[in-house]
Each structure stands twice: as C-alpha cells, then as structure tokens.
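For reference, the chains in residue letters:
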Amino acid sequence: MDSIVEVVGLEPILLEAGCRYSDRNFEELYSNLHSAGELETLRLIEDRIRQYFSSLELPDQPTLYDHLVLSLRKKDLIATFNWDPFLSLALKRNRLRAIMPRAAFLHGNVSIGYCENHRQMGPRDSRCPKCHVYYTDSELLYPVSQKDYTKYPFLKVQWDALQRCLQSAYVLTVFGYSAPTSDIEACRLMKEAWGPALSRSYEETEFIDIQSEEQLRATWSDFIHTHHSSTHQSFYDSHIAKHPRRTCEATWASTMENESLDDRDIPRNAEWDELTQWYKPLVSAELVAEANKQGS
C-alpha cells in the first residue's frame, strides 16, 4: 500500500484532482477524498485499481499460493485483505487435487462477485445459482475513518465467516498482516470474535512475517495467551508447511501430549504431477476417514 499510487498509476488522477499524495498513507488519502465528496475521482481510482489487479495472473508452475491452499482442509478458512486474484486462482486450479479450504475476502476482490439478493458469491464472470443473474463486482475501497463493514452486504458475509471461525479456532496463523491502526473497525471485529487472550488457554497463534518476534508480540498481544505463539520469516518454516493438512493435529500432539510428529516438508520446487502425488496420501486418508464417519 505504500507504493500503490506509483505501481497502479494513480498519479494523473490525483494530480488532476489537485491531491498531494507523496508520503501519505493511501487509505487515509482515500478517506479524505471521500469526506470531500470527490466522487468522480474516487470512481476513477477504483476503476484503475480494478483494471490493474484484474490483469495479474499466476505463473503456470506451482507457487506458494498453491502450496498454501493444498496444505489446508475444508475446516480451515483463509481470510484475506488482498484485492489480487491469486488466492481465488489457486483455489480454482487445485480443487480437483484436494478439497479446498474456505476463503473470506474482507476488502472485496477483483475476481469475486456476489448476488445481494441471495447472499451468494463466486467467480466474477459466473452467475448466481439461485437467480442465474451475473454476479456484481465486490467493492474494493472504503473510507477507513468511517468504515462500517456491516453496511456492505458482501463484506458482512465475509466478516461473519471470519468471526465464526475465530470464535472456534484452535490455531490462528497471521501471514504478513500488520493489523494497521488506521483500520480500527477491522481490529475491533477480530478482537471481539477472539475474546480475551487469557480465555484462549489452549489456542496457538503463529506469525509468518519479517518483523521481529518482539514487534509481532507487541502488535498482537490481544491474541496471544502467555507463551502460546511462534514466529517464522518464511511460510515454509511455518506449522502449516511443516505439517500440511495436519497442522492442528501436530500442534495438539506437541503442546498437549508432549509428542513431536515428524516434519513433512512440502517439495517446493516440484512440478504439478509430483506435487499432486505428494499430497495424495494425505487426501486419500481424509476421504477414507470421511467415508467411515458417514458409514458409522
């Protein structure tokens, strides 16, 4: 977000509006334009941002996004603030390899649309399964100083999903999210769902970030029960990557049963066939367990 004006090419729009943008937080800048009633400028900004992010694509070979979605199960939720389509593209192209985790797009997404009448969401170029009308774009930009996620039907559904998961979560992984102080409402909703840190005596919080452990613990103190946290600078050192599709089981074994399960490192340079075969035993075991559950 620090360089979004230059990367996306918003300079001409802001200059035309007489807006000084150098060394300014973009979300605060947007809020000021919103307060000033610069509606045409805001429309041009959102159109340009949507155009830029919609043009982004994943490479043909497997990426970290693919490793992430393949390492989680349908009980898991990935909640993202990102506008880019990478997560939804990874979910789409891996859905035949394994049952995918759920996703919540907390600030909208260029690849996701919704039907307000039936509270359905899906790929932007598809139709609502109930009314068969093409999905509407999810909004992307909101004034942070007066943000009310319940005001927007699509966002309310996304935040409701995240809050339900936070209430019952055993492991919370925070991947590169700095919890900006400017987004007071986002922080409030997450804290409200998680509850007092001292009440989460079994839960574990994991951070994947280049910041120091001290910085992260200070920022996320409301989500950490005493020493129940770990920090990694790389996704591939995280519990998710070391114990893909079995993260909670491995965490419980190590913290509650004093049993250390062997790491199962993702073959990060593998091509699709090898990667699919590597995950296959894990996925097959889940299908057998589900079938036995259904039959019992």
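Focus on the sheet that holds strand E7 (residues 204-208)
- Across the sheet, three strands lie side by side as E6-E7-E8; this open sheet has parallel pairing. Strands with a single pairing partner mark the edges of an open sheet, and in this sheet they are strand E6 (171-175) and strand E8 (229-232). Averaged over all pairs of adjacent strands, the angle between their axes in this sheet comes to 15 degrees, without regard to strand direction.

Remarks on the state of the cysteines
- The final tally for this structure, using the stated rule, is zero disulfides.
- The thiol of Cys128 is unpaired, and the distance to the nearest cysteine sulfur, on Cys131, comes to 3.7 Å.
- On the basis of relative accessible area, Cys128 is assigned to the buried category, the value being 1%.

A look at the packing of aromatic side chains
- Under the counting rule described, the total for this entry stands at 16 aromatic pairs.
- Taking the centre distance of 4.5 Å and the plane angle of 15 degrees together, the rings of Phe81 and Tyr177 count as stacked. Here Phe81, found in the loop between strand E1 (77-80) and helix H6 (86-94), pairs with Tyr177, found in the loop between E6 and helix H8 (184-194); they are 96 residues apart in sequence, far enough to count as distant.
- Overall, the relative accessible area of 16% leaves Tyr177 in the buried class.
- Linked through ring pairs, Phe81, Tyr149, Trp159, Tyr177, Trp194, Phe207, Trp220 and Phe223 together constitute an aromatic cluster.
- For Arg200, the ring lying beneath its charged end belongs to Trp194, and the centroid distance is 3.8 Å.
- The ring centre of Trp278 lies 4.4 Å from the NZ or CZ of Arg264, which sits over that ring.

Quick notes on H8
- Along H8, the residues classified as buried are Glu185, Ala186, Cys187, Leu189, Met190, Ala193 and Trp194.
- Among the structural elements, helix H7 (153-168), E6 and E7 are those in contact with the buried residues of H8.
- Of the residues one or two after H8, Gly195 is the one with positive phi, at around 85 degrees.

Points about the sheet that holds strand E3 (residues 112-115)
- With antiparallel pairing, the three strands of this open sheet are ordered in space as E4-E3-E5. Two strands bound the open sheet, and with one partner strand each, they are strand E4 (120-123) and strand E5 (136-137).
- Across two bridges, the pairing between E3 and E5 is antiparallel. By the bridge assignment, Gly113 is partnered in E5 with Asp137.

So, the confidence of the model for the protein
- Overall, the prediction assigns the protein a mean pLDDT of 92, with 97% of residues at 70 or greater.
- Put simply, helix H3 (residues 26-35) is where the protein has its lowest mean pLDDT, 83, and helix H5 (residues 64-70) is where it has its highest, 98.

With respect to the nonpolar core
- Among the nonpolar cores identified, the biggest contains 56 residues, and Trp159, Tyr177, Trp220 and Phe235 are the most heavily contacted of them.
- Contact partners of Trp220, with chain neighbours within four places excluded, come to Val174, Tyr177, Ala179 and Phe207.
- In terms of nonpolar packing, the next biggest core, distinct from the first, is built from 20 residues, Ile4, Leu33, Ile45 and Val110 among them.

Observations regarding the pattern of salt bridges
- If you walk through the whole model with that rule in mind, you get 16 salt bridges.
- Here Asp47 ties to Arg43 by a salt bridge, and the two come within 2.8 Å at their closest N and O atoms. Of this pair, Asp47 and Arg43 both sit in helix H4 (residues 39-54), four residues apart, roughly one helical turn.
- For Asp47, a relative accessible area of 39% gives the class partly exposed.
- For Asp137, the salt bridge goes to Arg124, with nearest N and O atoms at 2.2 Å.

Conventions used here
One numbering rule holds for all chains: residues counted from 1, following each sequence as written. The predicted nature of this model means local features are confined to residues of pLDDT at least 70 and side-chain atom pairs, given and counted, to a pLDDT of 80 or more, with totals for whole chains, interfaces and linings taken over all residues. Neither water nor hydrogens contribute to the side-chain values; these are computed over all heavy atoms in the structure. At least two bridges found by DSSP between two strands is the condition for calling them paired. Numbering of helices and strands starts at the N terminus; helices are DSSP runs of H or I of at least 4 residues and strands are runs of E of at least 2. A fitted line through C-alpha atoms represents every axis, and for helices the fit uses only the stretch in contact; the resulting angles, taken between N-to-C directions, go from 0 to 180 degrees. A pair of cysteine sulfur atoms is labelled a disulfide when the two atoms are within 2.5 Å. For each residue, the accessible area found with a 1.4 Å probe, counting protein chains only, is set against the maximum for its type, and the residue is called buried under 20%, exposed over 50%, and partly exposed in between. Stacked, tilted and edge-to-face are the three classes assigned to paired rings of Phe, Tyr and Trp, where Trp is represented by its six-membered ring and a pair needs centres within 6.5 Å; plane angles under 30 degrees give stacked, over 60 edge-to-face, the rest tilted. Only when the NZ of Lys or the CZ of Arg is both within 6 Å of the ring centre and within 35 degrees of the ring normal is a charge said to sit over the ring. The contact definition used throughout considers only heavy atoms, calling two residues in contact when any of these lie within 4.5 Å. Here pLDDT means the predictor's own confidence in every residue, given as a number from 0 to 100. By nonpolar core is meant a set of buried Ala, Val, Leu, Ile, Met, Phe, Trp, Tyr and Cys residues that side-chain atoms within 4.5 Å join together. Whenever a carboxyl oxygen of Asp or Glu lies within 4 Å of a side-chain nitrogen of Lys or Arg, that contact is scored as a salt bridge.

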